[in-house]
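So you can see what is in the structure, the chains are spelled out below.
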Amino acid sequence: MNDPNLAVRPDFSSDDFAEARLQLTSDTVDDGQAARILATLWDIQNAKDIRRWNAHREEEDQMARALAEQEAEEAAQKQRRLREEAEAALAEERKKNKAKYAPKGEYCELYFFTNDGLAEAEAFNPSVDDEALTLLKADNGQHIWVPASNTRDKSSVIRDEDLTWEQFGEASVRLLEAMREHEWQEDRIEMHVKFWTALETHPWRRSPLTLLKRALLLYQSQQRQRWHRAIGMAQAFSLAKLNIGVLNDAREEIHARERNEQLENLRQVSTPLPPPSPSLPFS
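Scope of this entry: the structure provided in the associated data block.

Basis of the calculations
- Residues numbered from 1 in each chain as written.
- Predicted model: local features only at pLDDT ≥ 70, side-chain atom pairs only at ≥ 80, totals over all residues.
- Heavy atoms only, no water.
- Salt bridge = Lys/Arg side-chain N within 4 Å of Asp/Glu carboxyl O.
- Helix = DSSP H or I, 4+ residues; strand = E, 2+ residues; numbered from the N terminus.
- Buried < 20%, exposed > 50% of the residue type's maximum accessible area, 1.4 Å probe, protein only.
- Patch = residues over 30% accessible without salt bridge, like charges linked within 9 Å, V, L, I, M, F, W, Y side chains within 5 Å.
- Areas by Shrake-Rupley, 256 points an atom, 1.4 Å probe, with all protein chains shown as cover.
- Contact = heavy atoms within 4.5 Å.
- 1 Å grid on protein atoms, 1.4 Å probe; cavity = no way out; pocket = protein on both sides within 12 Å on 5 of 7 lines; lining within 4 Å.
- Points joined across faces, edges and corners; volume = space filled by probe spheres on them.
- Nonpolar A, V, L, I, M, F, W, Y, C, P; charged D, E, K, R; others polar.
- Axes fitted to C-alpha atoms, helices over the stretch in contact; angles between N-to-C directions.
- Parallel < 35°, antiparallel > 145°, perpendicular 65-115°, else oblique.

As for the pattern of salt bridges
- On inspection of all chains with the given rule, the structure shows 16 salt bridges.
- A salt bridge links R214 to E258; the nearest nitrogen and oxygen atoms lie 3.2 Å apart. With a gap of 44 residues between them, R214 in helix α6 (residues 210-230) and E258 in helix α7 (residues 244-269) connect regions that are remote in the sequence.
- Overall, R214 belongs to the partly exposed group, its relative accessible area being 23%.
- By relative accessible area, which is 21% here, E258 ends up partly exposed.

Considering a nonpolar patch on the surface
- Together, L24, I37, L41 and I44 make up a nonpolar patch on the protein surface, roughly 310 Å² of accessible area in all.
- Looking at the nonpolar patch element by element, the count peaks at 3 residues for helix α2 (residues 31-96).
- Looking at I44, the relative accessible area reads 45%, which means it is partly exposed.

Side note on the side chain of R224
- Mapped onto the elements of the fold, R224 is located in helix α6.
- Given the relative accessible area of 1%, R224 is considered buried.
- The residues touching R224, leaving out its near neighbours within four places in the chain, are Y107, C108, E109, L110, D160, L175, H192, W196 and L239.

Considering the environment of D31
- Within the secondary structure, D31 is located in helix α2.
- Between the C-alpha atom of D31 and that of R21, which follows or precedes it by 10 residues, the distance is 6.2 Å.
- Setting aside anything within four residues of it in sequence, one finds D31 in contact with R21 and T25.

Some points on the layout of surface pockets
- In this structure, the largest pocket encloses a volume near 480 Å³.
- Forming the walls of the largest pocket are 20 residues, and the residues nearest its centre are K78, Q79, L82, G169 and E170.
- At the level of elements, α2 and α4 (165-181) are the ones that each hand at least two residues to the lining of the largest pocket.
- Looking at the lining of the largest pocket, the element that brings in the most residues is α2, giving 10 residues.
- Among the residues forming the lining of the largest pocket, the class breakdown is 7 nonpolar, 3 polar and 10 charged.

Points about the packing of α4 against helix α5 (residues 186-200)
- Interaxial distance between α4 and α5 falls to 10 Å at its minimum, and their mutual angle equals 170 degrees. For the element pair α4 / α5, the angle class is roughly antiparallel. Contacts between α4 and α5 pair W165, F168, G169, S172, L175, L176, M179 and R180 from the former with I189, H192, V193, W196, L199 and E200 from the latter.
- Looking at the contact of α4 with α5, its residues break down into 9 nonpolar, 3 polar and 2 charged.

As C-alpha cells, then:
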C-alpha cells in the first residue's frame, strides 16, 4: 500500500470519470455536482486510509523501539554474565598466582588482559609515552611490570583502539578483577564498570558501520589514557559518563584515517604512464 498522505485527488470532472458522473446525475444532480460528490467521497476515503496508515506506522515504530531496548538489555545482561563467569574463573586463578596484573593506579594497555596478551606477556608498544608499564615474564615464570622503555619486542602488542570487541570484553573483565585485587578505590572501579558498560550498550556498538565501532574503541583508549594522566590534577574527570563531543572527535579521526588509507591504496595501485619513445631519425 502506498502512503495515502502523498495521494493526489484525481480530477473527477475529466473524461476519465464521465461514466462515474453519469451514474450520479439525475434531475436534481447535474454533471458538475456529480464531479464534486465523487471528489468528496474520495476525500473521505483518503482520510480513512491516512488514519490507518499512520496508526500502522506508529505501531511499527513502537515495535522497533521495543526491539532496540530489548537488544540493549540483552547485551547488558550478556556482558554482566560474562563478567561474572570471568570473575569466578579469576578467583580460582588468583589462588595459584598472587603476583599478577597491574600495580595500583598505573595505566597499561588492555591487550595484556586479553587471552593472547596473558599468554605472550612479553612487550607492548605504548600509545601514550614511555611512562606506561609493560608486562614481562621473569625466569621463574612470574609476571613483573617494567618501564616500557626497557622492552625490546613490541611487534606483538595490539593497541586498545585496534582490539576486537571480543578481546575488549576479555580484557575489561580481567582488568576490573585486577583493580579489586590491588585494592583500587571502589568509586574508581565502579566508574570503569559504568564506562565500559556504556560503550558495550552504545548504539554504535550494534551499528553495521565498522567506522562507528572503531570510534568507540578509539574513544575508550584515548579517554582512559587522559584519565590516568589527570589523576590528582585539577583536570581530573570521570569516565562514567561518555563525552559526546570527544566521541564525535574520535569518529572523525577514524573517518580521516580510513580516507587517508584509501588514498594511499589508490596511490600504490596507480601505475605511471611510461615516458614517450624517442623519435627515430630518418634514414
